[in-house]
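A closer look at the structure
What follows is each chain in one-letter form.
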Protein chains: 2
Amino acid sequence: MVNYPNKKKQPVNQNWPVHEEKKLYTAYRGMNLEEDLNESNRAYLEQDIAVIYKKPTPIQIVKVDYPRRAAAKIVEAYYQKPSTTDYNGLYRGHYIDFEAKETKVDYFPFKNISEHQILHLERVLKHGGIAFLMLAFTSREEVYLIDASYVTASYRKDEKKITYVQAQTYGHLVRQGFAPRLHYLEILDEYYLKEGS
Amino acid sequence: MVNYPNKKKQPVNQNWPVHEEKKLYTAYRGMNLEEDLNESNRAYLEQDIAVIYKKPTPIQIVKVDYPRRAAAKIVEAYYQKPSTTDYNGLYRGHYIDFEAKETKVDYFPFKNISEHQILHLERVLKHGGIAFLMLAFTSREEVYLIDASYVTASYRKDEKKITYVQAQTYGHLVRQGFAPRLHYLEILDEYYLKEGS
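Quick notes on the rules
Residues numbered from 1 in each chain as written. Chains lettered and ligands numbered in written order. Predicted model: local features only at pLDDT ≥ 70, side-chain atom pairs only at ≥ 80, totals over all residues. Heavy atoms only, no water. UniProt positions renumbered as here; feature names shortened; annotations may be inferred. Helix = DSSP H or I, 4+ residues; strand = E, 2+ residues; numbered from the N terminus. Buried < 20%, exposed > 50% of the residue type's maximum accessible area, 1.4 Å probe, protein only. Contact = heavy atoms within 4.5 Å. Pairing = 2+ DSSP bridges. Axes fitted to C-alpha atoms, helices over the stretch in contact; angles between N-to-C directions. Least-squares fit on C-alpha atoms with pLDDT ≥ 70 in both. Salt bridge = Lys/Arg side-chain N within 4 Å of Asp/Glu carboxyl O. Phe/Tyr/Trp six-rings, centres within 6.5 Å; stacked < 30°, edge-to-face > 60°. Expected span 1.5 Å × (residues − 1). Arc of directions from axis to C-beta. Buried area = accessible area lost by both parts, 1.4 Å probe. Polar contact = N/O pair within 3.5 Å; in protein donor to acceptor, adjacent residues only side chain to side chain. Nonpolar A, V, L, I, M, F, W, Y, C, P; charged D, E, K, R; others polar.

Residues and elements named next belong to chain A. As annotated in UniProt, the feature "binding site: Mg(2+)" (unreviewed entry) corresponds to T84, D86, E99 and Q117 in the numbering used here. With the annotated positions falling across 34 residues, the maximum pairwise C-alpha distance of 9.4 Å places them together in a single cluster. In this fold, D86 is placed in the loop between β3 (73–79) and β4 (87–91). By relative accessible area, D86 is classed as buried at 16%. Those residues in contact with D86 that sit more than four places away from it in its chain are Y53, K54, K55, F98, E99 and A100. Examined against the element boundaries, Q117 turns out to sit in helix α3 (residues 115–126). Those residues in contact with Q117 that sit more than four places away from it in its chain are P82, S83, T84, T85, E99 and K101.

All names here are of chain B. On the basis of which strands lie adjacent, the open sheet formed by six strands has the order β1-β4-β5-β7-β8-β10 and mixed pairing. Both outer strands of the open sheet, β1 (50–54) and β10 (172–173), are each paired with one neighbouring strand and no more. The pairing of strand β5 (residues 94–103) with strand β7 (residues 130–137) spans eight bridges and is classified as parallel. Following the sheet pairing, I96 is matched in β7 by I130. Contacting β7 and β8 (142–147), helix α4 (residues 148–156) crosses the sheet at an angle of about 80 degrees to β8.

In the superposition of chain B on chain A (RMSD 0.0 Å, axial shift 0.0 Å), the rotation amounts to 180 degrees. Expressed as a symmetry operation, the mapping of one chain copy onto the other fits a two-fold axis. Of the interface residues in chain B, 100% have counterparts in chain A that sit at the interface too, so the contact is made through matching surfaces.

As a further point, take the sheet that holds strand β8 (residues 142–147) of chain A. Residue and element names in this part refer to chain A. In space, the six strands of this open sheet follow the order β1-β4-β5-β7-β8-β10, with mixed pairing throughout. The two strands at the open ends of the sheet, each matched to only one other strand, are β1 (51–54) and β10 (172–173). Across the sheet, α3 lies against β5 (94–103), β7 (130–137) and β8, angled at about 150 degrees from β5, the strand it touches most. The strands that helix α4 (residues 148–156) touches are β7 and β8; relative to β8, the one it contacts most, it runs at about 80 degrees.

All names here are of chain B. Looking only at α4, the buried set comprises A148, Y150, V151, T152, S154 and Y155. Buried residues along α4 sit against α3 (115–126), β7, β8, β9 (161–163) and α5 (164–170). Immediately beyond the C-terminal end of α4, within one or two residues, lies D158, with a positive phi of roughly 65 degrees.

It is worth spelling out the pattern of salt bridges at this point. All names here are of chain A. Per the counting criterion, the structure on display carries 21 salt bridges over all chains. In this structure, R92 and D189 form a salt bridge, with 2.7 Å as the shortest nitrogen-oxygen distance. Here D189 lies in helix α6 (residues 185–191) and R92 lies in the loop between β4 and β5, a separation of 97 residues in the sequence. According to the relative accessible area criterion, D189 is partly exposed, its value standing at 28%. By sharing partners, the salt bridges in this structure join E115, E122 and R156 into a single network.

Attention now moves to the packing of aromatic side chains. Any aromatic ring pair is given by two values, namely how distant the centres are and how the planes are angled relative to each other. Using the criterion set out here, one finds 23 aromatic pairs over all chains in the structure. With 5.9 Å between their ring centres and 85 degrees between their planes, A:Y144 and A:Y164 make a pair best called edge-to-face. In this pair, A:Y144 sits in strand β8 while A:Y164 sits in helix α5 (residues 164–170), placing the two residues 20 residues apart along the sequence. Judged by its relative accessible area of 4%, A:Y144 falls in the buried class. With a centroid separation of 4.8 Å and an interplanar angle of 5 degrees, the aromatic rings of B:Y87 and B:F98 are classed as stacked. Of this pair, B:Y87 sits in strand β4 (residues 87–91) while B:F98 sits in strand β5; the two residues are eleven residues apart in sequence, bridging distant segments of the chain. Of the two residues examined, B:Y87 and B:F98, each falls in the buried class.

Spanning twelve residues, α3(A) covers 16 Å between terminal C-alpha atoms, matching the ideal 16 Å at 1.5 Å per step. Regarding α3(A), the residues found buried are A:Q117, A:I118, A:H120, A:L121 and A:V124. One side of α3(A) holds all its buried residues, which, seen down the axis, span an arc of 160 degrees. Residues of α3(A) that are exposed and point more than 90 degrees away from the buried face comprise A:H116 and A:K126. Those residues of α3(A) hidden inside the fold are in contact with β5, β7 and α4 of chain A together with β1 and β4 of chain B. Phi for A:G128, located one or two positions after α3(A), is positive at around 90 degrees.

Of the residues lining the interface, 36 residues belong to chain B; the matching set on chain A comes to 36 residues. Of the roughly 3,200 Å² buried between chain B and chain A, counting both surfaces, carbon and sulfur atoms make up 63%. At the boundary of chain B and chain A, one finds two salt bridges. Of the charged contacts in the structure, one is a salt bridge between B:K126 and A:D48, with a shortest N-O distance of 2.2 Å. For the pair chain B and chain A, the number of links is nine residue pairs in polar contact (both at pLDDT 80 or more). Elements with a minimum of two residues in the side of chain B that touches chain A: β1, β2 (59–65), β3 (73–79), β4 and α3 of chain B. Split by residue class, the side of chain B that touches chain A holds 20 nonpolar, ten polar and six charged. Bridging between β3(A) and β3(B) involves four bridges; their strand directions are antiparallel. Looking at β3(B), one finds that A:K73 is bridged to B:Y78.

Following this line, the structure appears as structure tokens:
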């Protein structure tokens, strides 16, 4: 639509697309990155676009009861520290691997990622996979996809964090919508899998 | 080594390679496929050959206690049916995905694999990954790598099983050894990733 100079500016309208987008951002509030990613991956799967799953949390099982006529019941178990990342899968013939993190402040402190996970990201890069960090700045309601090469290099340089400005500069803002809520694969299309690359 | 017609046959010798191999087969007895695969994947990882992991078993957590000064303790949880396969990862730039199954008899009954897992293998093939079934005939102490295309086609044709003869005919016998115990990636080198393919 062309806006002619003399045309009155479009009045504010709750149904206007920009507001719909605003609404989506608002809807995002209070949700969590993991849920959004799981929903997005489900949508990608149903639309036959990609096969990406969250790995189950590793759990150390200590004691199991086997009641008669009922399912085995785990009665003592503990969460284990994951040695790899949260998500992996397959997109357009490529191995995809990423860790998802949230932060309420304007930086992501490296103390919230384990050395094991950094090492895993480095290995994925080395063996020809696509690896990245999905970083949600929850108070801004923005999610950035940041390539693992940047994340691991910063970590190895003994930097303490990734700032919001670094995420903006070296990462890609993930478009939000419905089904998938986080359109992160379009970033791979654009920056990783462009024809000829 | 060439055996001349008149040359005396090599006497049986405990150090002879064929016996070493025999010994390995014997060592394999009583072990399980999952342990062997985990050990093999650990070896591949340590030798910087591939990045392949078993996915943790999905567990539905119902109740967690948070004792003071101690780790969260899961006090009620149940095993969930996995909707994908046991193993996935990255090898030579390729997405690898497989299910591992054991059978004591001379066939693998399809009732021991879920429709969800078949569907997952089909999706992996469709999106350009390498997918297969790793099938151990425990009484024979042999493991076969069978491409998912064969497995899923048999399943969809409503066949009830994969027989030992079919595994021999359409699959590849996995060489056994030390670190990795199961040299399954060499089958990918030979049949999937041959130069020019």
